[in-house]
Amino acid sequence: MNNDDKEQLEYIRAWVQQKKQREAHKQIAKRKIKYHFRMVFHWLIELFKKGR
């Protein structure tokens, strides 16, 4: 195995790590959005009840 192969392997490994991290961030972002959406929804309902 020569140096170029090693460099390419490192590059691929780094790329895979980044991809996994991005996926994880996406999942977290989705969860956060869902959570905020629910909070806003409840807040609107409360506001609506008070407004009546």
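What comes next is a walk through the structure. Everything quoted here is computed from the prediction, not taken from an experiment.

**Notes on the overall build of the protein chain**
Across its full length, the protein chain holds one helix and zero strands. Computed over its C-alpha atoms, the radius of gyration of the protein chain comes to 22 Å, more than 25% above the 10 Å expected for a compact globule of 52 residues. Reported as C-alpha extents along the three principal axes, the dimensions of the protein chain are approximately 75 × 10 × 5 Å. Counting the 52 residues in the protein chain, one finds 0% classified as buried. A total accessible area of about 5700 Å² is found for the protein chain, and carbon and sulfur atoms account for 61% of it.

**Re the environment of V16**
Looking at the secondary structure, you find V16 in helix α1 (residues 3-51). Considered as a pair, V16 and R38 are 22 residues apart in the sequence and their alpha carbons are 33 Å apart.

**A closer look at the pattern of salt bridges**
In this structure the tally under the stated criterion is three salt bridges. The salt bridge partner of E10 is R13, with a shortest N-O separation of 3.0 Å. Pair noted here: E10 and R13 are both in helix α1, with a separation of three residues, about one helical turn.

**A closer look at the environment of H42**
Within the element layout of this structure, H42 appears in helix α1. Each C-alpha atom, one on H42 and one on Q17, is 38 Å from the other, the two residues being 25 residues apart in sequence.

**Let's talk about a positive patch on the surface**
Together, K30, R31, K34 and R38 give the surface a local cluster of positive charge. Position of R31 relative to the elements: it lies in helix α1. Classification of R31 by relative accessible area gives exposed; the value is 58%.

The rules behind the values
- Residues numbered from 1 in each chain as written.
- Predicted model: local features only at pLDDT ≥ 70, side-chain atom pairs only at ≥ 80, totals over all residues.
- Heavy atoms only, no water.
- Helix = DSSP H or I, 4+ residues; strand = E, 2+ residues; numbered from the N terminus.
- Rg over C-alpha atoms; globule rule 2.2 N^0.38 Å.
- Buried < 20%, exposed > 50% of the residue type's maximum accessible area, 1.4 Å probe, protein only.
- Areas by Shrake-Rupley, 256 points an atom, 1.4 Å probe, with all protein chains shown as cover.
- Salt bridge = Lys/Arg side-chain N within 4 Å of Asp/Glu carboxyl O.
- Patch = residues over 30% accessible without salt bridge, like charges linked within 9 Å, V, L, I, M, F, W, Y side chains within 5 Å.
- Lys, Arg positive; Asp, Glu negative; His and termini not counted.
- Charge placed at Lys NZ, Arg CZ, Asp CG, Glu CD.

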